[in-house]
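# Structural features, examined
So you can see what is in the structure, the chains are spelled out below.
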Amino acid sequence: MSLPLSGVKVLAFEQYGAGPFGTQYLADMGAEVIKIEPAGSSGDYLRDIGPYFLDGDDRNSASSIFFQALNRNKKSMTLDVLSDEGKIILHKLVQNADAVCNNLRGDVPEKLGITYDQLKSVNKAIVAAHCSAYGREGPRKNWPGYDYLMQAEAGYFSLTGEPNGPPARFGLSVVDYMSGLTMSFGLVSAVLSARSTGIGRDVDVNLFDTAMFNQSYMAAWSLNTDFKSERLDRSAHPILVPCQLYKTKDGWIYLMCNKESFWPVLCKKLGREDLITDPKFVNFAVRQTNRDEVTRILDKELIKKETSEWLIDFGGIVPAAPILDLKQSLENPFLKDRDNIQHLKTKRGVEISLLKTPVHISDPDFKDKTAPELGENTKDILKEAGFSEEEISLFEKNNTI
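Attention here is on the structure that accompanies the text.

About the thresholds
Residues numbered from 1 in each chain as written. Predicted model: local features only at pLDDT ≥ 70, side-chain atom pairs only at ≥ 80, totals over all residues. Heavy atoms only, no water. Core = buried A, V, L, I, M, F, W, Y, C linked by side-chain atoms within 4.5 Å. Buried < 20%, exposed > 50% of the residue type's maximum accessible area, 1.4 Å probe, protein only. Helix = DSSP H or I, 4+ residues; strand = E, 2+ residues; numbered from the N terminus. Contact = heavy atoms within 4.5 Å. 1 Å grid on protein atoms, 1.4 Å probe; cavity = no way out; pocket = protein on both sides within 12 Å on 5 of 7 lines; lining within 4 Å. Points joined across faces, edges and corners; volume = space filled by probe spheres on them. Nonpolar A, V, L, I, M, F, W, Y, C, P; charged D, E, K, R; others polar. Pairing = 2+ DSSP bridges. Axes fitted to C-alpha atoms, helices over the stretch in contact; angles between N-to-C directions. Salt bridge = Lys/Arg side-chain N within 4 Å of Asp/Glu carboxyl O. Phe/Tyr/Trp six-rings, centres within 6.5 Å; stacked < 30°, edge-to-face > 60°. Lys NZ or Arg CZ within 6 Å of the ring centre and 35° of its normal. Expected span 1.5 Å × (residues − 1). Patch = residues over 30% accessible without salt bridge, like charges linked within 9 Å, V, L, I, M, F, W, Y side chains within 5 Å. Areas by Shrake-Rupley, 256 points an atom, 1.4 Å probe, with all protein chains shown as cover.

The biggest cluster of nonpolar side chains holds 30 residues, and the ones touching the most others in it are Val10, Leu26, Val33, Cys101, Val127, Met150 and Leu187. Mapped onto this core, the elements with two or more residues apiece are strand 1 (9-13), helix 1 (18-28), strand 4 (99-102), strand 5 (127-132), helix 7 (174-197), strand 6 (201-206) and helix 8 (207-213). With sequence-adjacent residues up to four places away left out, valine 33 is seen in contact with Val10, Ala12, Thr23, Leu26, Ala27, Lys74 and Lys75. In terms of nonpolar packing, the next biggest core, distinct from the first, is built from 28 residues, Ala97, Ile126, Ala128 and Ile381 among them.

Here it is as structure tokens:
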């Protein structure tokens, strides 16, 4: 069987993180994702962002490891979409595409001519998916915006870090990643509809809305009760206890007993069956009230062994995890068991290791490819679209591509 998005063609006007992260999911699922990058430029800004490059001083347009991490399995073409010839080429490509997507500032898609209203005369079934900072409508549509700004305004800083420290951001660009993935989900949903009805549409996603929506149940609590968010010691859950960091003989362990049934199991593993029926600890509500005492008791017991020993004792019975840094997480034996790292070679023969997509769908005939060099596929894409060698040469001469 082929991958589920085989036969889907997406034209991507994308840069940095959110858009490329989302469309990499599409490419990993078999879609033909064509990055359309400005002619006469260095392309996607990520191509130049370090500090790590595959080829050292002999850098090329695809040697940024940052860029490689977000653009696997894609094609690249260069195009001056604002020129008259560029518009002709774009419309020719749109005729045989399923979707056009971007993660540009809210007012830019219309300037480039890539909204549904601007493309429907060329292909009535085209889907135009947009992932802007603050939306394509409203007072902030022309504002630039980035992940950490969204985390700050959407309340994430107030939830992250220790109570006595300064407000802190989440350690990864989680809003970018969630927004890109949300855009791709919307794009695929709209393509499914368009293939059924023959009518496409705009799909609008933005970082701010996604960041707010990620508040999920905490937003529901805040909107409907007197709940007030706070930062708790040791990265604790606001209501579930025990669910936080605890001290061990050689460091820390995170316990996450998010069902009542785990508490008695934990107590037995610690040799403290007396805690099971103690009125101060019999359920989440009273354990929350007595959180500090629970912490003192568990610290006293857990510090008797090293984290690795407790993980053996708890494995598959009490939800627990070690505290690893990024390097350690990539050397985790379980990651190797999952076969989650792939080793690829660029067209220049340089090896690179990347994490595999978390969507596990096999196709024995599909081979992952590293990110494309700038404009690597331009001529082939134009030939496939029906342009002649002479026309392509003229496009090159006029700096259209």
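The next point concerns empty space enclosed by the protein. Taken as a whole and judged by the stated rule, the model has one cavity of 30 Å³ or more. The volume enclosed by the largest cavity comes to roughly 100 Å³. What lines the largest cavity is a set of 14 residues, among which Ala62, Gln68, Thr346, Lys347 and Glu373 lie closest to the centre. The residue makeup of the lining of the largest cavity, split by class, is four nonpolar, five polar and five charged.

On to the sheet that holds strand 8 (residues 251-256). Spatially, 7-8-9 is the arrangement adopted by the three strands of the open sheet, whose pairing is antiparallel. Strand pairing shows two members of the sheet lacking a second neighbour, strand 7 (243-248) and strand 9 (320-322), which therefore form its edges. Across the sheet, the mean angle separating the axes of adjacent strands is 30° when strand polarity is ignored. Of the strands in this sheet, strand 7 and strand 8 are in contact with helix 12 (residues 291-302), which crosses strand 7 at around 35°.

This part covers the pattern of salt bridges. Applying the stated rule across the entire model yields 26 salt bridges. When the shortest N-O distance is used, the salt bridge between glutamate 384 and lysine 9 registers 3.7 Å. You can see glutamate 384 sitting in helix 16 (residues 378-384) and its partner lysine 9 sitting in strand 1, a full 375 residues away along the chain. On the accessibility criterion, glutamate 384 (54% relative accessible area) is exposed. Here aspartate 117 ties to lysine 120 by a salt bridge, and the two come within 3.4 Å at their closest N and O atoms. In this structure lysine 120 comes out as partly exposed when scored by relative accessible area, which is 40%.

A separate point is the packing of aromatic side chains. Each pair of aromatic rings is reported with the distance of its centres and the angle of its planes. Applying the stated rule across the entire model yields 11 aromatic pairs. For the pair tryptophan 310 and phenylalanine 314, a centre-to-centre distance of 5.3 Å together with 20° between the ring planes defines the contact as stacked. Highlighted residues: tryptophan 310 and phenylalanine 314, both in helix 13 (residues 307-314), separated by four residues, approximately one helical turn. What makes tryptophan 310 buried here is its relative accessible area of 3%. Cluster of aromatic residues (ring-pair linked, three or more members): Tyr16, Tyr45 and Tyr146. One Lys or Arg, lysine 305, reaches over the ring of tryptophan 310 and ends 4.8 Å from the middle of that ring.

Turning to its location among the elements, isoleucine 89 is positioned in helix 3 (residues 84-95). What makes isoleucine 89 buried here is its relative accessible area of 0%. In this structure the C-alpha to C-alpha distance between isoleucine 89 and threonine 400, which are 311 residues apart in sequence, comes to 9.3 Å. In contact with isoleucine 89, not counting residues within four places along its chain, are Met77, Leu79, Leu382, Phe387, Phe395, Thr400 and Ile401.

Attention now moves to the sheet that holds strand 2 (residues 32-38). Taken together, the six strands give an open sheet; going across it, the order is 3-2-1-4-5-6, and neighbouring strands pair in parallel fashion. Both edges of this open sheet fall to strand 3 (75-79) and strand 6, since each of them pairs with a single strand only. Averaged over all neighbouring strand pairs, the angle between strand axes comes to 20°, with direction disregarded. Of the strands in this sheet, strand 1, strand 2, strand 3 and strand 4 touch helix 3, which is tilted by about 150° from strand 3.

Taking 1.5 Å of rise per residue, 24 residues should cover 34 Å, and helix 7 covers 34 Å from first to last C-alpha, within 8% of that figure. Those residues of helix 7 that sit buried are Val175, Asp176, Ser179, Gly180, Met183, Ser184, Gly186, Leu187, Ala190, Val191 and Ala194. Just beyond helix 7, the residue with positive phi is glycine 198, at close to 80°.

Turning our attention to the pairing of strand 3. Burial analysis of strand 3 places four of its five residues in the buried class, which makes it a mostly covered element. Note: strand 2 against strand 3, five bridges, orientation parallel. Opposite proline 38, over in strand 3, you have leucine 79 as the bridge partner.

Looking along a regular strand, one sees the side chains alternate between the two faces of the sheet. Pairing analysis gives six bridges linking strand 7 to strand 8, with the strands arranged antiparallel. Pairing of lysine 247 across the sheet is with tryptophan 252, part of strand 8. What sits between strand 7 and strand 8 in their antiparallel hairpin is a turn of two residues. Pairing between strand 8 and strand 9: three bridges, direction antiparallel. Across the sheet, isoleucine 253 pairs through a bridge with proline 322, a residue of strand 9.

As a further point, take a nonpolar patch on the surface. On the surface, a cluster of nonpolar side chains totalling about 430 Å² of accessible area is made up of Tyr16, Tyr45, Tyr146 and Leu149. Relative to the elements of secondary structure, tyrosine 16 occurs in the loop between strand 1 and helix 1. Look at tyrosine 16 and you get partly exposed, because its relative accessible area is 34%.

As a further point, take helix 1. A large share of helix 1 lies buried, amounting to 11 of its 11 residues. Just downstream of helix 1, glycine 30 is the residue with a positive phi angle, here 105°.

Geometric values such as these leave the question of function open.
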